[in-house]
Amino acid sequence: MKEYLKKYIKVIDDKLDKYLAIEDNPQRIIYEAMRYSVFAGGKRLRPVLMLLTCEMCGGDTDEVLPFACALEMIHTYSLIHDDLPAMDNDDLRRGKPTSHKQFGEATAILAGDALLNKAFEVVSAYSGNNPDRAMKAVNILAVSSGSEGMIGGQIVDMQSEGREITLDELRYLHLNKTGAIIRSACVIGAVMSGADSGAIKAVDEFSRNLGIAFQIQDDILDVTGTESELGKPIGSDAEEGKNTYVSLLGLQKSEELSEEYSKKAKQALNIFGEKANTLKELTDYLTDRRS
């Protein structure tokens, strides 16, 4: 699967390289900081999910590629801000110094802000064949990354530190903090392909379950992984008093729950028949990964 995905990742990286070209002007440092984090070695999971969903639904990936790149910019901005001293205070990300360690805290904040703005600059300049679909996709992107999505989940996460929460509260937290962006990746792929409401509903169900399975695996890796595998310190969740699936359920039950959500995700795609095979294989790959 990793080898198979390389062609999609190259398409995404080539487009990101064009969108984030360094301008030779007095603010050159901000472009360098933006590129530093975007090209630090991410898996491109979210844009790949968007392209594969679009393909599964019979769409044109060229139509959805700007949205895929925008989503990766938003994801990267969230990581830059997540690593800041005021948040998780992490020194490493993907095996490299975090943005604030490399460029200073103020520049890191601005690099995150610039990536968020660049994302909407890209999608608002859409000039393809389906402006109505694009407008809907822009709204999905905005909602999923805002107070009713990723930022809302981050706030709940911060408020939950140092106190034990219920499994339902943890699920709500991650459906927003991690899951909202994964859901928007898949749903935008379906919307931009012109999928009908039944197909979009199935894709939404798939991505909801995948998002939870992905987060559970993240929690498992924070306990069982190594710094060299993950490119960041392990055990940080426990040190910071964060609630995780492992802290609430234990390792074995967390592994069982990850498998359960992975199975639900794949079942949601059955209506697409063999066209869903790649996404199903990717689901297995993501929920059995070591990094």
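Each remark here, short or long, concerns the structure printed above.
On a predicted model such as this, the values are computed, not experimentally measured, just so you know.

Enquirer: Quick question: what am I supposed to make of the overall build of the protein here?
Expert: In terms of helices and strands, the protein carries 16 helices and two strands. Relative to the 2.2 N^0.38 estimate, which gives 19 Å for 291 residues, the radius of gyration of the protein is 18 Å and therefore close to what a compact globule would have. Across the 291 residues in the protein, those meeting the buried criterion constitute 52%. For the protein, contacts bridging at least 24 residues in sequence account for 73% of all contacts bridging at least 6. Surface exposure of the protein reaches about 13,400 Å², of which carbon and sulfur atoms provide 49%. Side chains of the protein carry 34 positive and 46 negative charges; the gap between the two charge centres is 4 Å.

Enquirer: Whenever I open this one, helix H6 (residues 105-124) confuses me. Can you help?
Expert: One full turn of an α-helix is made of 3.6 residues, so residues set three or four places apart face in the same direction. Here H6 spans 29 Å end to end across 20 residues, near enough to the 28 Å set by a 1.5 Å rise per residue. As for H6, its buried residues are in contact with helix H1 (2-19), helix H2 (28-38), helix H4 (61-82), helix H5 (99-103) and helix H7 (131-145).

Enquirer: How should the environment of glutamate 72 be read in this particular structure?
Expert: Relative to the helices and strands, glutamate 72 is located in helix H4. Those residues in contact with glutamate 72 that lie beyond four places of it in its chain are Leu16, Arg44 and Pro47.

Enquirer: Would you mind showing me how to read a nonpolar patch on the surface here?
Expert: A surface patch of nonpolar side chains, about 310 Å² in accessible area, is lined by Met87, Ile151, Ile155 and Met158. As for its placement among the helices and strands, methionine 158 is situated in helix H8 (residues 150-160).

Enquirer: Sorry if this is basic, but what is going on with helix H3 (residues 45-56) here?
Expert: Helix length check: H3, at twelve residues, gives a terminal C-alpha distance of 16 Å against a target of 16 Å (1.5 Å per residue), a fit within 8%. Counting buried residues in H3 gives eleven out of twelve residues, a clear majority hidden from the surface. Among the residues making up H3, those that are buried are Leu45, Arg46, Pro47, Val48, Leu49, Met50, Leu51, Leu52, Thr53, Cys54 and Met56. Looking at the buried positions of H3, the neighbouring elements they touch are H1, H4, helix H10 (179-193), helix H11 (197-224) and helix H16 (277-286). In the stretch just after H3, glycine 58 is the one whose phi turns positive, near 85°.

Enquirer: What's the story with the environment of arginine 93 in this structure? I'm lost.
Expert: Mapped onto the elements of the fold, arginine 93 is located in strand E1 (residues 92-93). Along the sequence, arginine 93 and glycine 42 sit 51 residues apart, while their C-alpha atoms lie 9.6 Å from each other.

Enquirer: Teacher, can you tell me more about the nonpolar core here?
Expert: In a soluble, globular protein the nonpolar side chains are often hidden away together inside. In this structure, Leu49, Phe67, Ile188, Phe206 and Phe272 are the most contacted members of the largest nonpolar core, which totals 68 residues. Leu173, Ile220, Leu257 and Tyr261 belong to the second-largest nonpolar core, a separate cluster that totals twelve residues.

Enquirer: Can you help me understand unusual backbone geometry in this one?
Expert: Glycine aside, a negative phi is what most residues show, and trans is what most peptide bonds show. You will see that asparagine 89, though not glycine, has its phi angle at about 55°, which is positive. The topology assignment puts asparagine 89 in the loop between H4 and E1. Positioned with a positive phi, arginine 94 is a non-glycine residue whose angle comes to about 55°. Summarising the element assignment, arginine 94 is placed in the loop between E1 and strand E2 (96-97). Arginine 94 gets classed as partly exposed once you look at its relative accessible area, which sits at 23%.

What counts and how
Residues numbered from 1 in each chain as written. Predicted model: local features only at pLDDT ≥ 70, side-chain atom pairs only at ≥ 80, totals over all residues. Heavy atoms only, no water. Helix = DSSP H or I, 4+ residues; strand = E, 2+ residues; numbered from the N terminus. Rg over C-alpha atoms; globule rule 2.2 N^0.38 Å. Buried < 20%, exposed > 50% of the residue type's maximum accessible area, 1.4 Å probe, protein only. Contact = heavy atoms within 4.5 Å. Areas by Shrake-Rupley, 256 points an atom, 1.4 Å probe, with all protein chains shown as cover. Lys, Arg positive; Asp, Glu negative; His and termini not counted. Charge placed at Lys NZ, Arg CZ, Asp CG, Glu CD. Expected span 1.5 Å × (residues − 1). Patch = residues over 30% accessible without salt bridge, like charges linked within 9 Å, V, L, I, M, F, W, Y side chains within 5 Å. Salt bridge = Lys/Arg side-chain N within 4 Å of Asp/Glu carboxyl O. Core = buried A, V, L, I, M, F, W, Y, C linked by side-chain atoms within 4.5 Å.

In short, shape yes, function no, at least from these values alone.
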